[in-house]
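In case you want the letters, here they are:
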Amino acid sequence: MEDQVDEQHQTEHDSPPIQSTSSRAATSAQPNNNNNNSKKTRITTACDGCRKKRARCDAFNPVLPPPPPRKKKLYSILIKAHDITNHFAAHPHLPSPPITGHKPSCRGCKISNIPCVYDLQGDRRKPFTRDVVVALQMRIDALEKELAGYRNTGSTSESEKPTAQEMDAAINGDLPAEPSAPATASAASRNVPLDALQGGLALNSHGELRFYGPTSSYRAVLADSTSTSPGGPSSDVEAARVHSLPHAPVPTAIPVEPVLPRRPPTLTHEFHSLLVRLAFEYCFSQFGLVQEREFYRDLASRPYDRTHHYSPFLLNVVLAIGCRYLDVKDDYPLDICDPATDFSTRGDIFLNWSRVLLDQEWQAPKLSTVRGLICFSIYLAGRGLDGVCWTYCGQAMRLVENFGLHLGIHRLSMGKAAEIEDELIIARRDTFFAAFSTDVMLSMYLGRRVTYTQDEIDQPVPPIQQEHDFDIPMYRSSTFHYSSTLMLLASRVMTSVYGNKPGLSLETRKTEMSYLHLQLESWYHELPAHARSATTAASKAPHPHVIQLNLTYFLLMIILHRPFFRRLTLKKTCDNLSTQKCLSSAKHIVRLVKLQREAHGLRFTSPAFQHACFCAGTILAISAVEDQISETLEKDAERRTQAQADLKYLVDALRDVAVTWTTANTSARILDGEFLMQEVNRFW
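Please read all numbers here as calculations on a predicted model, not as lab measurements. Throughout, residues of each chain are indexed from 1 in the direction in which the sequence is written. The predicted origin of the model limits local features to residues at a pLDDT of at least 70 and limits the giving and counting of side-chain atom pairs to 80 or more, whereas totals for whole chains, interfaces and linings rest on all residues. Side-chain metrics rest on all non-hydrogen atoms present in the structure, leaving aside hydrogens and water.

1. What about the nonpolar core?
Phase 1: Here, nonpolar core refers to any group of buried Ala, Val, Leu, Ile, Met, Phe, Trp, Tyr and Cys residues whose side-chain atoms link them within 4.5 Å. Per-residue accessibility, obtained with a 1.4 Å probe over protein chains only, is compared with the maximum for each type, and a residue is labelled buried under 20%, exposed over 50%, and partly exposed between these values. Ranked by size, the top nonpolar core spans 143 residues in total, and within it Phe284, Phe295 and Ile321 carry the most contacts.
Phase 2: Within the second largest apolar cluster, 8 residues are counted, among which are Ala46, Cys47, Cys57 and Cys109.

2. A look at the packing of aromatic side chains
Phase 1: Between 30 and 60 degrees the pair is tilted, below 30 it is stacked and above 60 it is edge-to-face, where a pair is any two Phe, Tyr or Trp rings, Trp via its six-membered ring, whose centres lie within 6.5 Å. Per the stated rule, a full pass over the model turns up 20 aromatic pairs.
Phase 2: Taking the centre distance of 5.8 Å and the plane angle of 75 degrees together, the rings of Phe432 and Tyr452 count as edge-to-face. A residue pair is termed long-range when its members are at least 10 positions apart, and Phe432 in helix H19 (residues 422–446) and Tyr452 in the loop between H19 and helix H20 (466–469) qualify at 20 residues.
Phase 3: What makes Tyr452 buried here is its relative accessible area of 5%.
Phase 4: Taking 5.0 Å as the distance between ring centres and 65 degrees as the angle between the ring planes, the aromatic pair formed by Tyr553 and Phe554 counts as edge-to-face.
Phase 5: Its relative accessible area of 0% is what places Tyr553 among the buried residues.
Phase 6: In this structure an aromatic cluster arises from ring pairing among Phe280, Phe284, Phe295, Tyr296 and Tyr310.
Phase 7: When the NZ atom of lysine or the CZ atom of arginine is within 6 Å of a ring's centre and also within 35 degrees of its normal, the charge is said to sit over that ring. Arg532 extends its terminal NZ or CZ atom over the ring of Tyr524, reaching a point 4.3 Å from the ring centre.
Phase 8: The aromatic ring of Tyr649 is capped on one face by Lys594, whose charged end is 5.3 Å from the ring centroid. Runs of E in the DSSP output that reach at least two residues are strands. Runs of H or I that reach at least four are helices, and both are numbered from the N terminus.

3. A look at the state of the cysteines
Phase 1: Defined by distance alone, a disulfide is two cysteine sulfur atoms within 2.5 Å. Overall, the coordinates contain 0 disulfides when judged by the stated rule.
Phase 2: Here Cys109 stays unpaired: no disulfide links it, and the sulfur of Cys106, its closest cysteine neighbor, is 3.3 Å away.
Phase 3: No disulfide involves Cys283; its sulfur sits 6.7 Å from the nearest other cysteine sulfur, which is in Cys375.

4. Some details on the packing of H19 against helix H21 (residues 476–497)
The packing of two helices is summarised by the inter-axis angle and the distance between the axes.
Phase 1: Think of each axis as a best-fit line through the C-alpha atoms, taken over the contacting stretch in the case of a helix, with angles from 0 to 180 degrees between the N-to-C directions. Orientation of H19 relative to H21, taken along the N-to-C sense of each, is 45 degrees, at an axis distance of 9 Å. Here H21 runs oblique to H19, going by the angle between their axes. Regarding H19 and H21, the two cross each other, and that crossing is left-handed. Contacts from Asp430, Phe433, Ala434, Phe436, Ser437, Val440, Met441, Ser443 and Met444 in H19 reach Phe480, Ser484, Met487, Leu488, Ala490, Ser491 and Met494 in H21.
Phase 2: Charged residues are taken to be Asp, Glu, Lys and Arg, nonpolar residues to be Ala, Val, Leu, Ile, Met, Phe, Trp, Tyr, Cys and Pro, and polar residues to be all remaining types, Gly included. The residue makeup of the contact of H19 with H21, split by class, is 11 nonpolar, 4 polar and 1 charged. Angle categories: roughly parallel below 35 degrees, roughly antiparallel above 145, roughly perpendicular from 65 to 115, and oblique for all the rest. Handedness of a helix crossing follows the sense of rotation of the near helix relative to the far helix, less than a right angle counterclockwise being left-handed and clockwise being right-handed. What makes two residues a contact is simply this: any of their non-hydrogen atoms within 4.5 Å.

5. Comments concerning helix H26 (residues 633–657)
Count 3.6 residues to each turn of an α-helix, and residues three or four apart come out pointing the same way.
Phase 1: Here, expected helix span is obtained from the residue count minus one, scaled by 1.5 Å. Spanning 25 residues, H26 covers 36 Å between terminal C-alpha atoms, matching the ideal 36 Å at 1.5 Å per step.
Phase 2: Every buried residue of H26 is accounted for by Asp636, Arg639, Arg640, Ala643, Asp646, Leu647, Tyr649, Leu650, Val651, Ala653, Leu654 and Val657.

6. Quick notes on the environment of Glu456
Phase 1: Mapped onto the elements of the fold, Glu456 is located in the loop between H19 and H20.
Phase 2: Measuring from C-alpha to C-alpha, the distance between Glu456 and His406 comes to 7.6 Å, with 50 residues separating the pair along the chain.
Phase 3: Apart from the residues within four sequence positions on either side, Glu456 is in contact with His406 and Thr451.

7. Here's the deal with the pattern of salt bridges
Phase 1: We define a salt bridge as a side-chain nitrogen of Lys or Arg found within 4 Å of a carboxyl oxygen belonging to Asp or Glu. Inspection of the entire model under this criterion finds 13 salt bridges.
Phase 2: Among the salt bridges present, the one from Arg306 reaches Glu361, with a minimum N-O distance of 3.1 Å. One end of the pair, Arg306, is in the loop between helix H14 (292–301) and helix H15 (312–323); the other, Glu361, is in helix H16 (residues 348–361), and 55 residues separate them in sequence. Across the pair, exposure class does not vary: Arg306 and Glu361 are buried alike.
Phase 3: A salt bridge links Asp430 to Arg429; the shortest N-O distance between them is 3.1 Å. Like Asp430, the residue Arg429 is buried in the burial classification.
Phase 4: Here the salt bridges do not stand alone but share partners, grouping Arg277, Glu292 and Arg476 into one network.

8. Thoughts on the environment of Arg324
Phase 1: Structurally, Arg324 can be placed in the loop between H15 and H16.
Phase 2: Arg324 sits 45 residues away from Ala279 along the chain, and the two C-alpha atoms are 8.6 Å apart.
Phase 3: Any pair of nitrogen or oxygen atoms within 3.5 Å is treated as a polar contact; in protein, a donor-acceptor pairing is required on top of that, and neighbouring residues in sequence qualify only through side-chain atoms on both sides. Within the structure, Arg324 has its side chain in polar contact with the backbone oxygen of Thr660 (distance 3.0 Å).

9. A word on H16
Phase 1: Taking 1.5 Å of rise per residue, 14 residues should cover 20 Å, and H16 covers 20 Å from first to last C-alpha, within 8% of that figure.
Phase 2: Approximately 30 degrees is the largest bend angle found in H16, and it occurs at Arg355.
Phase 3: Of the residues making up H16, those classed as buried are Asp348, Ile349, Phe350, Leu351, Trp353, Ser354, Leu357, Leu358 and Glu361. Across the chain, bend at a residue is computed as the angle between axes fitted to the seven residues ending at that point and the seven starting from it.

10. Some remarks on the packing of H16 against helix H17 (residues 367–382)
Phase 1: Across the interface, H16 lies against H17 with an axial gap of 12 Å and an inter-helix angle of 150 degrees. The two elements H16 and H17 meet at a crossing, and its hand is left-handed. Each of Asp348, Leu351, Ser354, Arg355, Leu358 and Glu361 in H16 lies in contact with H17, whose residues at this interface are Thr369, Leu373, Phe376, Tyr379 and Leu380.
Phase 2: Class assignment for the residues of the contact of H16 with H17 results in 6 nonpolar, 2 polar and 3 charged.

11. Regarding the confidence of the model for the chain
Phase 1: Values of pLDDT, the confidence the predictor places in each residue, fall between 0 and 100. Predicted confidence across the chain gives a mean pLDDT of 75, with 66% of residues reaching 70 or more.
Phase 2: Residue range residues 169–192 is modelled with pLDDT below 50. Its contacts to residues more than four positions away, or to other chains, number 3 contacts.
Phase 3: Low pLDDT (under 50) marks residues 224–233, which in the prediction has 16 contacts with non-local residues, meaning those over four places away or in another chain.

12. Observations concerning unusual backbone geometry
Excluding glycine, most residues fall at negative phi; most peptide bonds, likewise, are trans.
Phase 1: With an omega of 5 degrees, the peptide bond between Asp338 and Pro339 qualifies as cis.
Phase 2: Counting through the fold element by element, Pro339 comes out in the loop between H15 and H16.
Phase 3: Positive phi, normally seen in glycine, also occurs at Arg54, with a value near 55 degrees.
Phase 4: Positionally, Arg54 belongs in the loop between helix H3 (48–53) and helix H4 (74–80).
Phase 5: You will see that Asn113, though not glycine, has its phi angle at about 60 degrees, which is positive.
Phase 6: Mapped onto the elements, Asn113 comes out in the loop between helix H6 (107–112) and helix H7 (130–154).

Spelled out as structure tokens, the structure:
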């Protein structure tokens, strides 16, 4: 039954494209020296040389190495893959250089003695899927409705024309008196759409007044289903939602004298190399938070200096993040925990020491300061310190504005652009999109406004660099490129659909939603095969950063359509499509979580992984208790049963993620608390 559901999840969004004659000619069977019973392997991308000559290409795409066995020590397996050069052997305190891959070369290019180059942009000749066609039709309907509204407002009847007194008052500057607002507003008269699209104020668990955004956990947790109950939300639901608001770690703590934190321990070369490798492989890959090659280069040549790619402050943050991916069964020094007996505090000692090093950064901040701050905020978000996390992310975005990273070199008004090195221009661009992507993800996670809108950005999206795309783990450059494009769309979702502009009507938000929905469908349609994660087999699973890219897409689809989640009606409307998209995206997230667990393990995930799980869980929680969503009663019952099973699976997955990022425990408790069982029993 689960296999059938997984296949349904896979084919529901992706209709298989028709393979053209040229693409069939560009694929070939793998030469096999074994018996004829083995299956033939077909390549998915032909090189540019064979594509121009319309010849058969026999080079195979590189395959990622299988994940290491969980029973063995992880760091001992990773160390064997390192190729330590003489320079690093002479400096045992430095980590090993990154592992680089080699692009495959086909037989035709070898004979012709030409470089074998691959176009990783994907095949642009594939036909549009059904989802893209539906998005186009929805966009056309929205534009026609908007034009019809303009035509209706253009003709003014005699009764709508202003009187002579009103015209005189307008000329004199006298405005009509606005109707007085009632002294008290009951819960029944509360503007629910305004709350769902702009947020509001609430008291957290410590009685502090806080703002909750429209995409925050406070607004997402059963807000729609509980509002329809006769007695209003139960006390357990309100307690869980209140606990999700940002709050101080210890609001009643007595101020004490500042104490210098304990200096981190001196690590061995092997363990130091392991921590850096884990951070780059499982946390920095998707959004290019730290450039690995430049980081290693500056670390090897200037380990105690500060450059645009490296600093001791950034190094300690990287070590802190790498510690989070350790297992309790691994052989690790107890000094990385504070206290030494609490394994859940591993890495905190490096983070606390980086606070001291941050004071040196403010004297002459560099691009590495921005990268260190965004990595610092990601660590705090994974540890559940949301308020402090948003503060450090804000400091990074202030430096971004101070450096003008959102502007390209063509905006240089004084001086010559030729005097600026190309490496600095590339570093500025990549640093901006790393900080911008982190800011957008945290804005969706905490329900806050994004710092930069799409119209304010005058930087090109980082292109795909093939020489970096074959570094292990592969396709990081492609993932960074498509993630940056996706975050530009996410920024527009946060400013257009959830914007706080006065006079922004619900119909205007729906019109913008149809446009963004079309853009998202087009983005996913143009996503190449190596950046997709459409399989359900663990043996064919891509690297976690590719799975996270697909998770982010479905997360953004839920964020876009969640304000318009409604019960289905007989008439096909945008609300029906939004409901279907929320449910189908939640199913895809469940499928990707299963793929991550079976192929790599939920321990090797980024903090954004638990955010996607939690958003999908909120949709499943509503689907598990609401009726009249499906077209028939039988489908309604099947949907509720499947939603409950998927919700329980996500709760168990969040508990596994909590081994690395402890904030997932809070998400699991919110979704699986006693309040949820009471709501299920009430509506079931």
